[in-house]
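Survey of secondary and tertiary structure
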Amino acid sequence: MLKVEEIKFFIQEDNNSERKRNARIGEKYYNGEHDILNYKLFYYDADGEIQEDKTRSNIKIPHPFFTELVDQEVQYMLNGDTYVKSDIPELQEELDKVFNDDFTSELTSVLTDVCSKGFGYMYCYKNKNDDFKFEFADSMGVVEVRAKDTDDNCKYVIYWYIDKNTKENKKVKRIQVWDDKQVYFYTETNDGEIIEDDTEKLNPRPHVIYRKSNDENSLYYDTLGFVPFFRLDNNRKQIGNLKPIKALIDDYDLMACGLSNNINDSAEAYFVVSGFQGDNLTELITNLKTKKHIGVDVGGGVDVKTVDIPYQARQTKLALDEVNIYRFGMGFNSAQIGDGNITNVVIKSRYALLDLKCNKLEKNLKKFLREIIEVILNDLNKKDGTDYQQKDVYFDFEREIITNELDNANIKKIKADIRKVEIDILLGLKGVTDDETIIKSICQQLDINY
């Protein structure tokens, strides 16, 4: 079993790892916390010293393209009703109990972590009905501990999360250490010493605890025989989808906020006054704001000056950045207008990059689900005496896209016209071939059971 010092070391080492640093950046951008929020303006004073400029406008508006791209990929991946299927009715019934709406909801959170952070986790447990249940685990709090760096199987999984802030404003971290037999519970307050959690009645606690119906006074224990955490990777390097487009999003934020700053700083007109009849500048400003007139001497006057903002270059750059964000982010740009010829072929072409990205993710997702299905089938075979195999289960991810209704109607009409011609040809064979053959062929055309 891991010692307290080892637990603290592994958590700190994992927290400082490169993959977790990248994951934190992806999480921030998914939550709309862009680098633009830390943007500052500076200038050199008369002494040549750099100073922060707090007088000029410094508008900070994040543009959450990454949030849209992640949610787009996740929902497009899981927009079908049933994606785990079997041709065996009894097995399909059992699979539907596990891979239901609750599982899809948890898997949605996992895929969100995968796309934004580069990896996601799900863990399993047994409920009161002795059935497996699966829940999402925040990937930032999962630490894998292996016997060797090259070992594929985890010996331990450390799972931690921040439970609450107490009245004394203390941060309480709950820590669980899982192995293939049981789980150990610890707590840590304000990054202090890790101690055993005295709020848990059983510590360590076996994976499965139950009572037999005829023995209410005794507890029975069982083990799952494996560490109940499953990891889904976005790619081999476990990098999220932000990296190729982060610089483009930052540039878009900078261009858009720069334009807002220009407009804000140049919103007021400049008044050039000559021959003013007054004592001080305050009187002049007051007259302009309230009375809307000022007095001037003979030969004096007021000239109103405005500043033209060079917005065309910024607009061009914003449009170019937006196109590249969706192109290299491999997403569907719903704001794309096109030339007005929106046929189904055009619509499908706009989904091409998103399809390509989802195809890459689908391969890893199937491998991830295979590990879960292995656990489900072993449990069913053990309880029911069946012999279900992995080959009895397959996947079907149906991805729905919007279509042109007029285009669909024209396609149906063309198919109906072709079918009518084929039926007319069959009817024209009367007298050449027997009636039964003709009727069977017509039934096939009309999809009727002969």
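Small disclaimer: the values here were computed from a predicted structure and weren't measured. (Residues numbered from 1 in each chain as written. Predicted model: local features only at pLDDT ≥ 70, side-chain atom pairs only at ≥ 80, totals over all residues. Heavy atoms only, no water.)

Before going further, it helps to spend a moment on a nonpolar patch on the surface. Together, Phe 42, Tyr 44 and Ile 50 make up an exposed nonpolar region whose accessible area comes to about 370 Å². Owing to a relative accessible area of 51%, Ile 50 belongs among the exposed residues under this scheme. (Patch = residues over 30% accessible without salt bridge, like charges linked within 9 Å, V, L, I, M, F, W, Y side chains within 5 Å. Areas by Shrake-Rupley, 256 points an atom, 1.4 Å probe, with all protein chains shown as cover. Salt bridge = Lys/Arg side-chain N within 4 Å of Asp/Glu carboxyl O. Buried < 20%, exposed > 50% of the residue type's maximum accessible area, 1.4 Å probe, protein only.)

To continue, consider helix H12 (residues 435-446). Taking 1.5 Å of rise per residue, the 12 residues of H12 would be expected to cover 16 Å, and the 16 Å separating its terminal C-alpha atoms lies within 8% of that figure. For H12, every residue scored as buried is listed here: Ile 438, Ser 441, Ile 442 and Cys 443. Two or three places before Glu 436, at the opening of H12, Asp 434 has a side-chain oxygen 3.4 Å from that residue's backbone nitrogen. (Helix = DSSP H or I, 4+ residues; strand = E, 2+ residues; numbered from the N terminus. Expected span 1.5 Å × (residues − 1). Polar contact = N/O pair within 3.5 Å; in protein donor to acceptor, adjacent residues only side chain to side chain.)

One open sheet holds the 3 strands; their spatial order is E5-E4-E14, and the pairing between them is antiparallel. Unpaired on one side and paired on the other, strand E5 (132-137) and strand E14 (229-233) mark the two borders of the sheet. Adjacent strand axes in the sheet meet at a mean angle of 25 degrees, parallel and antiparallel pairs treated alike. Where strand E4 (residues 119-126) lies against E5, 6 bridges are found, and the strand directions are antiparallel. By the bridge assignment for E5, Tyr 125 is matched with Lys 133. Most of the contacts of helix H5 (residues 101-117) go to E4, to which it runs at about 155 degrees, and overall it touches E4, E5 and E14. Those strands touched by helix H10 (residues 352-384) are E4, E5 and E14, and its axis lies near 160 degrees from that of E14. (Pairing = 2+ DSSP bridges. Axes fitted to C-alpha atoms, helices over the stretch in contact; angles between N-to-C directions. Contact = heavy atoms within 4.5 Å.)

This part is about unusual backbone geometry. A cis amide bond, omega 5 degrees, links Asn 203 with the succeeding residue Pro 204. You can see Pro 204 is positioned in the loop between strand E10 (194-196) and strand E11 (205-206). Notably, Asp 130 is not glycine yet its phi reads approximately 65 degrees, a positive angle. With a phi close to 55 degrees, Asp 447 is a non-glycine residue in the positive phi region. With respect to the helices and strands, Asp 447 occurs in the segment after H12. The exposure class of Asp 447 is exposed, given its relative accessible area of 73%.

The quantities given are spatial measurements derived from coordinates; they are silent on function.
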